[in-house]
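# Results of the structural survey
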Amino acid sequence: MYVLCSPCILNPRLRADGITKPSDIVLFERVQERCRKFSLEMVPLPCPETLYLGAGRKPGTFLERLDTPAFSALLDNLEDQVKKILEERGPPLCILGANSSPTCGVTSTYYGSIGNESPRRAGRGVFLSRFPLIPAMDVSLFARYRVYLAAPLFSEAERVYNANLARLLEKDLFDVYLPQESGDDTDMRDEEEQGRLFFTNKKALEDADCVVAVIDGADADSGTAWEMGYAYAIKKPVFAIRTDFRRVGRNEKVNLMLEESATVMTSTRHLLDALHSPVPGVNGGADGESPPS
């Protein structure tokens, strides 16, 4: 399995001068971490802007710098090169691009101004737009893959569900921290183990890119609610799954404070969609049901 990627993800020096921030480097490194963890080969695309304008170029939009017959001919040639890669390797998992890039933007690109329009517009860059049938993801989404799974874990049924949900997420290339696997989950643990588990789980929450929380039941589990609240306070995205059809109010499925601080889904299919799984289709939950026990 492999991904095609903007070459600047592997070599940020290919970008225009002055546009790369420290946060961009973190994202690029996180993308590479995810690929290494799940044995995804990263195959770089050619860089049209570097080939046409050279390294050390100033930032500019497509209309300012690239809207020429010569650049269009270059894109034709590079498109043929990529098609040869596809013929030899088969389709990639996806293309990893960098938003705002005039050539490799995924959902936004600095195309340039016409009249009073904004220079930034929605859509793919001019190079990625040549491959409309290949799914594409911005680095900021692909880099968000470390998941803290918050859920009740006090019965065998709960622990089995949690483990199956974790495996489902891992099939879709998410690195899951599951608290029930972090130590003694019985009622026999001593005070020292209590403290160790608390700080271990708290650190895992802080290190995660997002939280997936199970909020089934007549009311959400208190520990899960705490984890959701802490995640929200430290600005981690929270994705809650509630397959329980009971409601507590006209506009509430379970709890107003939890629902307003999270994105709530009713199936694993919708959960994977919300997490922006890079895997085509939905593994293990294609019918929208909860993972099997």
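Rules used throughout
- Residues numbered from 1 in each chain as written.
- Predicted model: local features only at pLDDT ≥ 70, side-chain atom pairs only at ≥ 80, totals over all residues.
- Heavy atoms only, no water.
- Helix = DSSP H or I, 4+ residues; strand = E, 2+ residues; numbered from the N terminus.
- Buried < 20%, exposed > 50% of the residue type's maximum accessible area, 1.4 Å probe, protein only.
- Contact = heavy atoms within 4.5 Å.
- Areas by Shrake-Rupley, 256 points an atom, 1.4 Å probe, with all protein chains shown as cover.
- Lys, Arg positive; Asp, Glu negative; His and termini not counted.
- Charge placed at Lys NZ, Arg CZ, Asp CG, Glu CD.
- Expected span 1.5 Å × (residues − 1).
- Pairing = 2+ DSSP bridges.
- Axes fitted to C-alpha atoms, helices over the stretch in contact; angles between N-to-C directions.
- Phe/Tyr/Trp six-rings, centres within 6.5 Å; stacked < 30°, edge-to-face > 60°.
- Lys NZ or Arg CZ within 6 Å of the ring centre and 35° of its normal.

## Let's talk about the overall build of the protein chain
A tally of helices and strands in the protein chain yields 10 helices and 11 strands. If one aligns the C-alpha atoms of the protein chain with their principal axes, the spans along those axes are about 70 × 40 × 40 Å. Counting all 293 residues of the protein chain, 47% fall into the buried class. In the protein chain, the share of contacts with a sequence separation of at least 24, taken over all contacts with a separation of at least 6, comes to 66%. Here the protein chain displays about 14900 Å² of accessible surface, and carbon together with sulfur accounts for 53% of that area. Averaged over its 34 positive side-chain charges, the protein chain has a centre that lies 6 Å from the centre of its 42 negative ones.

## Re helix α1 (residues 22–37)
In a regular helix each residue adds 1.5 Å, so 16 residues correspond to 22 Å; α1 covers 23 Å between its end C-alpha atoms and thus fits that length. Buried within α1 are the following residues: D24, F28, R30, V31, Q32, R34 and C35. Its buried side turned inward, α1 meets β1 (2–5), β2 (41–44), β3 (95–97), α5 (139–142) and β7 (146–150). The positive-phi residue at the C-terminal boundary of α1 is S39, with phi of around 55°.

## Description of the sheet that holds strand β10 (residues 238–241)
Spatially, β8-β7-β9-β10-β11 is the arrangement adopted by the 5 strands of the open sheet, whose pairing is parallel. Both edges of this open sheet fall to β8 (175–177) and β11 (263–265), since each of them pairs with a single strand only. On average, adjacent strands in this sheet sit at an angle of 25° to one another, irrespective of strand direction. Where β7 meets strand β9 (residues 210–214), 4 bridges bridge the pair, whose relative direction is parallel. Across the sheet, residue L149 finds its bridge partner in β9, namely V212.

## Digging into the pairing of β9
Counting buried residues in β9 gives 5 out of 5 residues, a clear majority hidden from the surface. The alternating pattern of β9 places C210, V212 and V214 and V211 and A213 on opposite faces, both of which are buried. Summarising the sheet, β9 and β10 pair through 4 bridges and their orientation is parallel. Among the inter-strand pairings, V211 is bridged to a residue of β10, identified as V238.

## Brief notes about the packing of aromatic side chains
Per the counting criterion, the structure on display carries 7 aromatic pairs. With a centroid separation of 5.6 Å and an interplanar angle of 75°, the aromatic rings of F127 and F131 are classed as edge-to-face. Given the relative accessible area of 4%, F131 is considered buried. If you follow R34 out to its NZ or CZ, it ends over the ring of F174, 4.8 Å from the centre.

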